[in-house]
Amino acid sequence: MDDRPFDADVVVVGGGPAGSAAAIACATQGLRVVLCEREAAGRDRPGETLHPGVEPVLAQLGVADQLPGVIGVRHGGIWIEWGRPRRYESFGGDTAGPWAGFQVWRASFDAMLLEHSRALGVEVRERCAVFDAIIRDGAVCGVMTAEGEITTRMVVDASGAARWLARALKIRSPPRSPQLIARYGYVEGACPARDEAPLLVGTASGWTWTARVRPSVYQWTTVRFDSIGADEGPPEELIDLAPLGRTRGADVTWRLAERTAGPGWIIAGDAAAILDPTSSHGVLKGLLSGITAGHLIAAGLAGKAPPAELAAGYHSWIEGRFNIDAHRLLQFYREIGAPGF
């Protein structure tokens with residue numbers, strides 16, 4: 001164990017699900033954590049649809065009792081029109097009854113996780129951009145921010161597609177798919193067809209997702225395989241509803257970092273591996289990678305396992321999950337004749 005004084009045991013860069021989960025996992029094991037989020041709280045993000053399997057994970061994080069406050073809608077499954085006639089696929093159930101997924105408002109969901117982090121003693125610094133890594137003897141030992149440097153024993157990169165630390169360490173995340181740009185937006189009004197359940201429609205030219213995310217508010221996401229969809233608007237069933245804000249875009253090209261952990265650092269969430277939203281479970285996977293990173297950090301700092309072995313095991317886990325999901329997605333896209341897959 002390093003005896004040098006540090007400002008924190010762990011610095012987490014990024015306040016999304018992966019970053020908050022890592023901070024919570026570290027804090028519950030007695031580590032001093034600083035979380036740096038470059039944006040202000042309450043920023044809208046895509047990813048409102050949560051699988052029922054997220055409930056036990058949120059219970060492990062200690063926020064299951066707060067989930068009702070951020071749920072807009074619950075539904076028992078989704079409608080899918082993907083190379084075959086439209087069909088309804090339920091989430092399933094058990095002896096207690098049918099399972100139901102969640103439509104959450106991401107700004108509120110992310111704020112819930114950050115507030116729980118604070119309650120556990122995490123120092124959350126909003127509007128705190130991290131722009132460089134402090135490296136000593138080949139190991140990351142701190143970060144440089146607009147507020148000054150923060151020295152630490154471990155850095156977690158949970159910065160999403162920005163991949164802040166990976167870029168600083170020159171770790172490649174080469175594309176594993178054709179370029180995929182998701183366009184998404186929100187509309188307000190009434191669309192009874194989507195009140196029952198979300199809809200996913202896929203053709204050889206692209207796919208569209210529509211869902212009600214809260215009363216009278218609907219979200220849509222579209223990916224086109226033949227263009228980046230710069231002028232993409234809401235699908236036909238939502239075209240007459242009032243837009244809420246502008247159409248936004250996100251690069252959802254498949255990527256996997258060539259390394260996801262090393263001396264003094266670990267990468268979680270979309271910064272480590274990203275697939276497009278049709279892979280589903282994006283928020284769930286972010287939470288799981290953050291929790292796993294937090295537990296491995298605690299074990300490493302306590303001297304319970306060699307850091308090199310923990311890093312290798314973590315990367316093997318990330319890579320294995322990515323490969324399984326990517327293989328399933330390849331088959332999914334081939335069903336509709338998507339080019340480049």
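It should be emphasised that the depicted structure is a prediction, and the values quoted were computed from it without experimental measurement. (Residues numbered from 1 in each chain as written. Predicted model: local features only at pLDDT ≥ 70, side-chain atom pairs only at ≥ 80, totals over all residues. Heavy atoms only, no water.)

## Overview of the overall build of the chain
- A count of helices and strands for the chain gives seven helices and 22 strands.
- Taking 2.2 N^0.38 as the reference for a compact globule, 341 residues should give roughly 20 Å; the C-alpha atoms of the chain span a radius of gyration of 20 Å, in line with that estimate.
- Considering only C-alpha atoms, the chain reaches an extent of 65 × 45 × 40 Å along its principal axes.
- When the 341 residues of the chain are sorted by exposure, 51% land in the buried category.
- The long-range fraction of contacts in the chain, counting pairs at least 24 apart against all pairs at least 6 apart in sequence, stands at 72%.
- When the accessible surface of the chain is summed, it comes to about 15000 Å², and 52% of that surface belongs to carbon and sulfur atoms.
- One way to put it: in the chain the 34 positive side-chain charges average out to a point 3 Å from where the 39 negative ones average out. (Helix = DSSP H or I, 4+ residues; strand = E, 2+ residues; numbered from the N terminus. Rg over C-alpha atoms; globule rule 2.2 N^0.38 Å. Buried < 20%, exposed > 50% of the residue type's maximum accessible area, 1.4 Å probe, protein only. Contact = heavy atoms within 4.5 Å. Areas by Shrake-Rupley, 256 points an atom, 1.4 Å probe, with all protein chains shown as cover. Lys, Arg positive; Asp, Glu negative; His and termini not counted. Charge placed at Lys NZ, Arg CZ, Asp CG, Glu CD.)

## Quick look at the pairing of strand S16 (residues 206-214)
- For S16, the tally of buried residues reaches seven of nine residues, placing the bulk of the element in the interior.
- Bridge analysis of strand S15 (residues 199-203) against S16 gives five bridges, and the strand direction is antiparallel. If you follow threonine 203 over to S16, its bridge partner there is glycine 206.
- Here S15 folds back onto S16 in antiparallel fashion, the turn holding two residues. (Pairing = 2+ DSSP bridges.)

## Observations regarding the pattern of salt bridges
- Tallied over the full model, the rule gives 15 salt bridges.
- The salt bridge partner of glutamate 115 is arginine 118, with a shortest N-O separation of 2.4 Å. Taken together, the residues glutamate 115 and arginine 118, both in helix H3 (residues 106-119) and three residues apart, mark about one turn of the helix.
- According to the relative accessible area criterion, glutamate 115 is partly exposed, its value standing at 45%.
- With a shortest N-O distance of 3.1 Å, aspartate 195 and arginine 212 are connected by a salt bridge. (Salt bridge = Lys/Arg side-chain N within 4 Å of Asp/Glu carboxyl O.)

## A few points about the sheet that holds strand S3 (residues 49-50)
- In spatial order, the strands read S3-S9-S4; together these three strands make up an open sheet with antiparallel pairing. With one partner strand each, in any of the chains shown, S3 and strand S4 (71-75) form the two edges of the open sheet.
- Relative to strand S9 (residues 101-104), S3 runs antiparallel, the two sharing two bridges. The residue bridging leucine 50 from the neighbouring strand is phenylalanine 102, located in S9.

## Side note on the environment of valine 283
- Positionally, valine 283 belongs in helix H6 (residues 282-301).
- Separated by 266 residues in the primary sequence, valine 283 and proline 17 place their C-alpha atoms 6.5 Å from one another.

## Overview of helix H1 (residues 17-27)
- With eleven of its eleven residues buried, H1 lies for the most part within the structure.
- Among the residues making up H1, those that are buried are Pro17, Ala18, Gly19, Ser20, Ala21, Ala22, Ala23, Ile24, Ala25, Cys26 and Ala27.
- Residues of H1 that are buried in the fold lie against strand S1 (8-13), strand S2 (33-37), helix H2 (54-61), H3, strand S13 (148-157) and H6.

## Some thoughts on the nonpolar core
- Val10, Val33, Val156, Phe225, Trp254, Ile297 and Tyr333 are the most contacted members of the largest nonpolar core, which totals 73 residues.
- At eight residues, the largest contribution of residues to this core is made by helix H7 (residues 307-334).
- Those residues in contact with valine 10, other than ones at most four positions away along the chain, are Cys26, Leu31, Arg32, Val33, Val34, Thr152, Met154, Val156, Ile297 and Leu301.
- Ranked by size, the runner-up nonpolar core spans 19 residues in total, among them Ala21, Val54, Val70 and Phe102. (Core = buried A, V, L, I, M, F, W, Y, C linked by side-chain atoms within 4.5 Å.)

## Quick word on the environment of alanine 311
- One can find alanine 311 in helix H7.
- Among the residues examined, alanine 311 registers a relative accessible area of 17% and is labelled buried.
- Dropping the residues within four chain positions of it, alanine 311 is found in contact with Ala261 and Gly262.

## Describing the packing of aromatic side chains
- Taken as a whole, this structure holds ten aromatic pairs when the rule is applied.
- Geometrically, the ring pair formed by tryptophan 82 and phenylalanine 332 is stacked, given 4.1 Å between the ring centres and 5° between the ring planes. Taken together, the residues span a long stretch of sequence, with tryptophan 82 in strand S5 (residues 77-82) and phenylalanine 332 in helix H7 at a distance of 250 residues. Residues tryptophan 82 and phenylalanine 332 agree in their burial class; the two are buried.
- With centroids separated by 6.3 Å and ring planes inclined at 25°, the aromatic side chains of tryptophan 254 and tyrosine 333 adopt a geometry described as stacked. Taken as a pair, tryptophan 254 in the loop between strand S18 (242-251) and strand S19 (255-256) and tyrosine 333 in helix H7 lie far apart in primary sequence, 79 residues in all.
- Classification of tyrosine 333 by relative accessible area gives buried; the value is 0%. (Phe/Tyr/Trp six-rings, centres within 6.5 Å; stacked < 30°, edge-to-face > 60°.)

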